Amino acid sequence: MADIKVKDKNGDFYATAPNPVNKNPQFMGDYPQPKATASKLPNIDPYVEISTESRTINHPPRPPGTALGPYIQFITTDLQKMLWIGSLLICRDISYDQPKLEFNCDMKIDYNWEILYENLYNLNIYRVNLFIELRSGEDDDKIIWIIDWGDKKTTGLFFIPRYNQKWRGGFFSCNGFDAYVPKQIALNLTSFNVWNHLLSIHEEKPLHLLIWGGDQNYIDYIFEDIPFLRAWLNMEWNEKWTTDFRDDLKQQVEQYHFNTYAENWNHRLEVKKALESIPSLMLWDDHDIFDGAGSYPPLLHNSPMMMGLFQAAQKMRLLFQHHTTFEKAREHYLFGHEGYNLFARCGRNLAIIGTDGRTERNTETVQHKNTWNMIFDKLENELENVEHLIVVFPVPFSFIRAHIAETIFERLKNAPNKWRNLPGIKKTNSIFGLPELYDDLLDEWTHASHIEERNHVLLRFQQIAEEKKVRITYFSGDVHCCGISRFQTKGSQRPLPIHDSKLMYQIISSAIVNMPPSKMAIRVAHHFKTKWNPIDNTEEEVIDFFDRRPENGGKVFHKKFRPNRNWCYFEQCSNITSTSVTVVQTKYFHCIPCGDNSIVPMNLGPTSNQDGIGSQQLPIHDHSYDKLCQQQIYSDQRQIGTNDLRIRFWLESTEKHDEGRQFTSYDLLIPNLK
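Since this is a predicted model, take the numbers as computed values, not measurements.

(A) Region of the structure containing the overall build of the protein chain. When helices and strands are counted, the protein chain shows 17 helices and 25 strands. A separation threshold of at least 6 residues defines the contact pool for the protein chain, and within that pool the share at least 24 residues apart is 76%. In the form shown here, the protein chain has an accessible surface area of approximately 27,200 Å², with 50% of it arising from carbon and sulfur atoms.

(B) Molecular detail of the environment of Gln506. Considering the arrangement of structural elements, one finds Gln506 in strand E16 (residues 504–508). Setting aside residues no more than four positions away along its own chain, Gln506 makes contact with Pro396, Phe397, Ser398, Tyr474, Phe475, Ser476, Gly483, Ile484 and Ser485. Separated by 2.7 Å, the side chain of Gln506 and the backbone nitrogen of Phe397 make a polar contact.

(C) Up close: the pattern of salt bridges. Scanning the entire structure with this criterion turns up 30 salt bridges. Note that Asp244 is salt-bridged to Lys35, the shortest N-O span being 3.0 Å. Here the residue Asp244 occupies a position in the loop between helix H6 (237–240) and helix H7 (247–267), and Lys35 occupies one in the loop between helix H1 (2–6) and strand E1 (67–78), the gap between them amounting to 209 residues. Given a relative accessible area of 15%, Asp244 falls into the buried group. A relative accessible area of 60% places Lys35 in the exposed class. A salt bridge links Asp356 to Arg317; the nearest nitrogen and oxygen atoms lie 3.2 Å apart. With a gap of 39 residues between them, Asp356 in the loop between strand E12 (350–354) and helix H11 (369–382) and Arg317 in helix H10 (residues 304–322) connect regions that are remote in the sequence. A relative accessible area of 0% places Arg317 in the buried class. Several salt bridges share partner residues, and in doing so they unite Asp285, Asp286, Arg358 and Asp443 into one network.

Definitions and cut-offs
Counting of residues starts from 1 at the beginning of each chain's written sequence and follows it residue by residue. At least 70 in pLDDT is required for a residue's local features to be given in this predicted model, at least 80 for side-chain atom pairs to be given and counted, and no such filter applies to totals for whole chains, interfaces and linings, which use all residues. Hydrogens are left out, water is left out, and the side-chain values use all remaining heavy atoms of the structure. Each helix is a run of H or I in the DSSP string that is no shorter than four residues. Each strand is a run of E no shorter than two, and both are numbered from the N terminus. Contact between two residues is taken to exist if any of their heavy atoms lie within 4.5 Å; hydrogens are not considered. Residue burial considers only the protein chains on display, and all accessible areas are found by Shrake-Rupley using a 1.4 Å probe. Polar contacts here mean pairs of N or O atoms no more than 3.5 Å apart (in protein, one a potential hydrogen donor and the other a potential acceptor; neighbouring residues in sequence count only if both atoms are side-chain atoms). Salt bridge, as used here: a side-chain nitrogen of Lys or Arg that lies within 4 Å of a carboxyl oxygen of Asp or Glu. The buried label applies to any residue whose accessible area, calculated with a 1.4 Å probe on protein chains only, is under 20% of its type's maximum; exposed applies above 50%, and partly exposed to all values in between.

Below you can see the structure in the form of structure tokens.
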């Protein structure tokens, strides 16, 4: 009887069965010791140099060379000691001495060196801990760094805000093309166009912080480039999920990850420039590991191969994204039950919680209850004087609901393996033999398997917001389009936004590089459920926000999501003196704005020049009272004040419009909680 639950009538393991060789792993990345073998793995093919204007990365990725970095990480500000705290990651060939570092600035800087790894792929890996004096005032402080490598010198600079300065930052996700994007489409889109616009905004007014929201790298090609993994994907079902993760394979996989980071971060000039000039804060997602990591049933999830692949990715994620190691991560400010979450205090009034949505994930849980308790304990104790809390979930905390699709793919997942290999169905499978959309749907917080956990967490965030009088906003990526969702008090008698502790916006910005979904996919997304009541006295809705095309300013019918590559700028507003917020309303609906206090304070923002640079051109459309304009302007009498948060989406036009502009912005003002 027990055998029937584990295997189907053809002798194949059910995907939901316990993995027979790793029934009870103690943590994500725990797998049994591989059996001794005399066989030798084939080597990875040497990389082939690609020379194109698009600067598409090589795969297999090339070795890193003799020097990497510095990559600048922001950690937090210590307002008791008046310090900005961060770190640099520097890698140098073992044949050279430790590089010499100096700073040119007006503030006091203390720093110390740590060796994270000695002779890792012929490189010594250093972390430089930075403690920079946080000066009073409302300006920025410039820090110039100079590194003497022994055979050359490099220099650069970054900016930090003073104690009373308003913070400015950027957010993005999906920094690459996945393996399903046709090569010619990737070449036509280029990997650098949106990045160059982000850097041009940084040149206009320096960003203090850049939040990387997941999929910093796309590791997808590892399954083509490592011969053993290529063969593993073609193994029979039962053999595939019981195969050992060999020690020599571990070495190949770790080095592949290392080289991929080096390839992306050192040879993509736009990425290299950002890492050297804008302090970063990073949260990973599945393509930093493998597609759908954590969202697979037990047979796959607990297999030695998936556990080993995950552990190798985690090691390199900690190194490059957080400048740390397994052994040092806790002393380097990361926390969690098993995962690696972060809390950053950004000056006086802003704070960020970054969540690790992969390390503790399985088909039923996104994060362990102990991790949630740690997060909320930190929020209980560390939010003094904070007026706005940004919570980074790499996968959207609020999104569409797709119950029917979830049911269909759940049934396909539970079907015998032989059925999934029928010709018509096999084409829709991922490389792991389950339906391609199964893990994509299960990744979502709004999936039936995760919605109870999400709603419980939402309630706790509401309690924090009310108790601490802090406005909470969620930043997410992952889904390759941009949009905004909103929680608020349910009903016609809801309080004004400045008094509604349940008012929380979900900002979705994706992707900075990857191919956006088709227009048809966007249309389909609008037909899923986008409004509901998740918990008592709370309304949740994916809102209509994008009412003008970035290409030509024309009206759009589907306003919730846009199929344009994008990034998100945010800033704390300072000394706003206008008596009202301009809000645009379509004439033909004749909505009364005061009825339920649900007006979205939004505007069309500036545009770039014809070369896709900067933010000095006029909005894509000028709303007026003219009869030819289908929209009219009224004033929302609610004040937007100091320290409210301005969100500015920058969307890349899919084609240049008549005036040639390439980037159009859309603004949202989020009021603080009073």
